[in-house]
Amino acid sequence: MFAIAIDGPAGAGKSTIARKVAAELSIIYVDTGAMYRAIGAYAIRQGVDTKNAPAVAALLPEISLELTYSEELGQRIFLNGEDVSSEIRLPEMGMAASNVSAIPEVRAFLLEQQRGMAKRQSVIMDGRDIGTVVLPDAEVKIFLTASAEERARRRWKEFSEKGLPDTYEEILADVIRRDEQDMNRPIAPLKQADDAILLDSTALNFAETVEKVKEIIKERV
Ligand code: DC
């Protein structure tokens, strides 16, 4: 059994890469960002301000999350039994997730679940604090990044393919603001672990990035 941790800023391509590598290695992919997004979505549904720490923390006992995987549907996330996988990808959910992720009770709530998943099976897990906090003993740690402009360009392409109206400038502003917030929070900030390999994908395409990640993994497991 082994664990692969992939951390990095918003839009660096972590989830697309991790999903591909997981399929090739036949291991489980855990998208921790989706868990923060689902909590953000629940707060919004309840009319709770995602920055209001006590109010968001008070919602946690009502929340049950489940990540599932199947060949046809891929990875899905269920919030109290309801599939919210599409809802959490709406552009405003990124910032909602970043807001709730700064709340200590929210992080503690998810930390247990995330560690539990890696105890039972080999995983590739992506997020912001996987190599530093969640799985500090992971066999492989990769910090995947790219310039803010390139990350915004990729997001913009993804959103426009879905028919979402957000402009490149709006997405770039969101990416920069979210990174700032994720890097500067007091607990488990976005940070490269000392023993993580830095991989900058600004000048790499998807296939090249997957190859690099696989090379790094092969050297270590
Ligand atoms: O990876 P993502 O864009 O889906 O993550 C959404 C937000 O969740 C991100 O801005 C910060 C937070 N997050 C976190 O704090 N820790 C993680 N391990 C994963 C995500």
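All values reported here derive from a predicted model rather than from experimental measurement.

Student: How would you summarise the nonpolar core if you had to cite specific residues and measurements?
Tutor: In terms of nonpolar packing, the biggest core is built from 36 residues, with Ile39, Val56, Ile63, Leu65, Met125 and Leu135 touching the most fellow members. Counting residues per element, this core draws most heavily on helix H2 (residues 32–45), which supplies eight residues. Excluding anything up to four places from it in sequence, Met125 contacts Ile4, Ala5, Ile6, Val30, Thr32, Gln114, Ala118, Ile130, Val134 and Leu135. Ranked by size, the runner-up nonpolar core spans 18 residues in total, among them Ala22, Ile124, Leu144 and Val210.

Student: Describe in detail the site of the ligand, supporting the description with residues and values.
Tutor: Lining the immediate environment of the ligand, one finds 15 residues, of which Arg37, Arg107, Asp129, Arg178 and Asp182 sit closest. Arg178 places a side-chain nitrogen or oxygen 2.7 Å from an oxygen atom of the ligand. Burial of the ligand by the protein amounts to 97% of the accessible area it has alone, namely 450 Å². Broken down by secondary-structure element, the contributors of at least two residues to the shell around the ligand are H2, helix H4 (92–101) and helix H8 (168–184). In terms of residue class, the shell around the ligand is made up of three nonpolar, five polar and seven charged.

Student: I'd love a proper account of unusual backbone geometry, names of residues and values included.
Tutor: Peptide bonds are, in most cases, trans, and in most cases residues other than glycine have a negative phi. The phi torsion at Ser26 lies on the positive side, around 55°, for a residue other than glycine. Its location among the elements puts Ser26 in the loop between helix H1 (14–25) and strand E2 (28–31). Overall, the relative accessible area of 66% leaves Ser26 in the exposed class. For Asn80, which is not a glycine, the phi torsion comes out positive at approximately 45°. With respect to the helices and strands, the residue Asn80 is situated in the loop between strand E4 (74–79) and strand E5 (82–83). Judged by its relative accessible area of 39%, Asn80 is partly exposed.

Student: Tell me about the environment of Ile44, and name the residues and values.
Tutor: Secondary-structure assignment places Ile44 in helix H2. For the pair Ile44 and Phe206, spaced 162 residues apart in sequence, the C-alpha to C-alpha distance is 33 Å. Once residues within four sequence positions are removed from consideration, Ile44 is found in contact with Thr50, Met93 and Ala96.

Student: Explain H2 to me, and be specific about the residues and the numbers.
Tutor: Under the 1.5 Å per step criterion, the end-to-end length of H2 is 20 Å for 14 residues, consistent within 8% with the ideal 20 Å. In terms of residue burial, H2 counts as a mostly covered element, since eleven of its 14 residues are buried. Considered for burial, the residues of H2 that qualify are Thr32, Ala34, Met35, Tyr36, Arg37, Ala38, Ile39, Gly40, Ala41, Tyr42 and Ala43. The N-capping residue of H2, defined by a side-chain oxygen 3.2 Å from the backbone nitrogen of Gly33, is Asp31.

Student: Explain the pattern of salt bridges to me, and be specific about the residues and the numbers.
Tutor: Considering all chains together, one arrives at 17 salt bridges under this definition. Across the pair Lys157 and Glu161 runs a salt bridge, and its minimum N-O distance is 3.7 Å. Of the two residues, Lys157 and Glu161 both sit in helix H7 (residues 148–161), four residues apart, roughly one turn of that helix. Note on Glu161: relative accessible area 61%, which makes it exposed. A salt bridge links Arg178 to Asp174, with the nearest nitrogen and oxygen atoms 3.8 Å apart. Separated by four residues within a single helix, Arg178 and Asp174 lie in helix H8, roughly one turn from each other. One continuous salt-bridge network, built from bridges that share partners, spans Lys20, Glu24, Glu211 and Lys214.

Cut-offs applied
Residues numbered from 1 in each chain as written. Predicted model: local features only at pLDDT ≥ 70, side-chain atom pairs only at ≥ 80, totals over all residues. Heavy atoms only, no water. Core = buried A, V, L, I, M, F, W, Y, C linked by side-chain atoms within 4.5 Å. Buried < 20%, exposed > 50% of the residue type's maximum accessible area, 1.4 Å probe, protein only. Helix = DSSP H or I, 4+ residues; strand = E, 2+ residues; numbered from the N terminus. Contact = heavy atoms within 4.5 Å. Near = heavy atom within 4 Å. Polar contact = N/O pair within 3.5 Å; in protein donor to acceptor, adjacent residues only side chain to side chain. Areas by Shrake-Rupley, 256 points an atom, 1.4 Å probe, with all protein chains shown as cover. Nonpolar A, V, L, I, M, F, W, Y, C, P; charged D, E, K, R; others polar. Expected span 1.5 Å × (residues − 1). Salt bridge = Lys/Arg side-chain N within 4 Å of Asp/Glu carboxyl O.

What is shown is where atoms sit, not what they do.
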